[in-house]
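Now for the letters of each chain:
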Amino acid sequence: MPEQQPYEAGRAVAGTGMGGAMDLAASEATTLERTPGGPEGPGAGGAGPGGVGPAGKPRSLWSDAWRDLRRNPVFLLSALVILFLVFISLRPSAIASGNPLTCDLAKAQDGSAPGHPFGYDGQGCDVYTRTVYGARASVTVGVLATLGVSVFGSVLGGLAGYFGGLWDAVLSRITDVFFAIPVVLGGLVLLSVVTSNTVWPVIGFMVLLGWPQISRIARGSVITARQNDYVQAARALGASDARILLRHIAPNAVAPVIVVSTIALGTYIALEATLSYLGVGLKPPSVSWGIDISAASPYIRNAPHALLWPSGALAVTVLAFIMLGDAVRDALDPKLR
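(A) Broad picture of the overall build of the chain. Helix and strand counts for the chain come out as 12 helices and 2 strands. Reading the chain from its N end, one meets helices and strands in the order β-β-α-α-α-α-α-α-α-α-α-α-α-α. For the chain, the residues scored as buried account for 38% of the 337 residues in total. Counting contacts in the chain only where the partners sit at least 6 residues apart, residues at least 24 apart contribute 63% of the total. Surface summary for the chain: the accessible area is close to 18800 Å², and the carbon and sulfur share equals 65%.

Now the structure itself:
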């Protein structure tokens, strides 16, 4: 029987896979664990190959995504457009000094003039001022509706995907029912009885019919994430369901929700304009691109400028958010790396 060696804290014993053992000094064992991008390897002080960041720490999905987004011209262009839209939504008077509700019938359908570069609409209102102020309603509806849909749909879908069983089955059937409702037809029916001139009925309608899409995506992401080893390890260590959902599953399942929500934001802005054009969304005296497009449609031959500018602003806004969503999707999708 071989003599047993005394235990030494400075040495490690590793199996050789052939019934024997291999003695490694602690310094040698540490050397084997170092990566080329570690603090003492070739990549010291910077990001090494294989997703290794400073000090040998692996980069996260979010840091990789942000690095890719900063180098994407589509993201930079769309982000600049969106920042400009947010700025004029918060402070429209910074670039438009007039009052969007002040009109002069004597100037109805007139073309551009000094101080009024977009001309006048059929009621004699300044098209430039109304186009600038119309961004506030569109951006407000789009952002708040997206937040409401994302939070409500993510909570329901996440709980259904995590717990499964009866809760999942019931929610899936309810989701199918809401998917069967045409959005525009539902807006005509539900909003036709609303007399409020605020944006809240429109936002509530969008949340009511928009959550099923986010719910399905969140459910699928949670089902995928809960099968990972780190979730099983946390459950084996006695972590509660709330801790597992908030600390382990949610950070790793939220990326698809962010991508879809970003793209959907532009869709909600277009939907608000569509409902306002049909007369069931925002109503005068509210200022909205959809209202201006509807008012300018009868005068398209005599005053095409009154239709062109709010339509162009709406198209650029929707395109900017869709481009932003596409860039975020490309950055967060590991299959595209």
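Right, picking up where we left off after that structure.
(B) Quick look at the nonpolar core. The biggest cluster of nonpolar side chains holds 34 residues, and the ones touching the most others in it are Ile269, Trp289, Leu314 and Leu332. With 12 residues, the top contributor of residues to this core is helix H12 (residues 304-332). Listed in part, the 23 residues of the second largest apolar core include Ala137, Val202, Leu271 and Leu275.

(C) The arrangement of the layout of surface pockets in detail. Approximately 570 Å³ is the volume found for the largest pocket. If you trace the largest pocket, you find 24 residues lining it, with Ser150, Ser154, Val254, Val257 and Ile258 closest to the centre. In terms of residues, the lining of the largest pocket owes the most to one element, helix H4 (residues 127-163), which gives 8 residues. When its residues are assigned to classes, the lining of the largest pocket shows 18 nonpolar, 6 polar and no charged.

(D) A look at the packing of aromatic side chains. All chains considered together, the criterion is met by 6 aromatic pairs. Relative to Tyr128, the ring of Phe118 has its centre 5.1 Å away and its plane inclined at 80°; by these criteria the two rings are edge-to-face. Taken together, the positions of Phe118 in the loop between helix H3 (73-90) and H4 and Tyr128 in helix H4 put the pair 10 residues apart, joining distant regions of the chain. By relative accessible area, Phe118 is classed as buried at 16%. Residues Phe152 and Trp211 carry aromatic rings whose centres are separated by 5.7 Å and whose planes lie at 80° to one another, so their mutual orientation is edge-to-face.

(E) Layout of the pattern of salt bridges. One pass over the structure, following the stated rule, counts 8 salt bridges. The partner of Arg329 in a salt bridge is Asp326, and the shortest N-O contact between them spans 3.8 Å. A residue pair is termed a helical-turn pair when its members lie 3 or 4 positions apart in one helix, as Arg329 and Asp326 do in helix H12 at 3 residues. Residue Asp326 is classed as partly exposed on the basis of its relative accessible area, which comes to 28%. The salt bridge partner of Arg329 is Asp330, with a shortest N-O separation of 3.2 Å. Take Asp330: its relative accessible area is 35%, and that puts it in the partly exposed class. Each of Asp64, Arg67 and Asp68 takes part in one network of salt bridges that share partners.

(F) Representation of empty space enclosed by the protein within the structure. Throughout the structure, instances matching the rule amount to 2 cavities of 30 Å³ or more. Taken as a whole, the largest cavity encloses approximately 60 Å³ of empty space. Surrounding the largest cavity, Asp121, Val127, Arg130, Thr131, Asp292, Ala296, Ala306 and Pro310 form its lining. Looking at the lining of the largest cavity, the elements that each hand over two or more residues are H4, helix H11 (289-296) and H12. Top contributing element to the lining of the largest cavity by residue count: H4, with 3 residues. When grouped by side-chain class, the residues that make up the lining of the largest cavity number 4 nonpolar, 1 polar and 3 charged. Within this model, the second largest cavity holds a volume of roughly 40 Å³.

How each quantity is defined
Residues numbered from 1 in each chain as written. Predicted model: local features only at pLDDT ≥ 70, side-chain atom pairs only at ≥ 80, totals over all residues. Heavy atoms only, no water. Helix = DSSP H or I, 4+ residues; strand = E, 2+ residues; numbered from the N terminus. Buried < 20%, exposed > 50% of the residue type's maximum accessible area, 1.4 Å probe, protein only. Contact = heavy atoms within 4.5 Å. Areas by Shrake-Rupley, 256 points an atom, 1.4 Å probe, with all protein chains shown as cover. Core = buried A, V, L, I, M, F, W, Y, C linked by side-chain atoms within 4.5 Å. 1 Å grid on protein atoms, 1.4 Å probe; cavity = no way out; pocket = protein on both sides within 12 Å on 5 of 7 lines; lining within 4 Å. Points joined across faces, edges and corners; volume = space filled by probe spheres on them. Nonpolar A, V, L, I, M, F, W, Y, C, P; charged D, E, K, R; others polar. Phe/Tyr/Trp six-rings, centres within 6.5 Å; stacked < 30°, edge-to-face > 60°. Salt bridge = Lys/Arg side-chain N within 4 Å of Asp/Glu carboxyl O.

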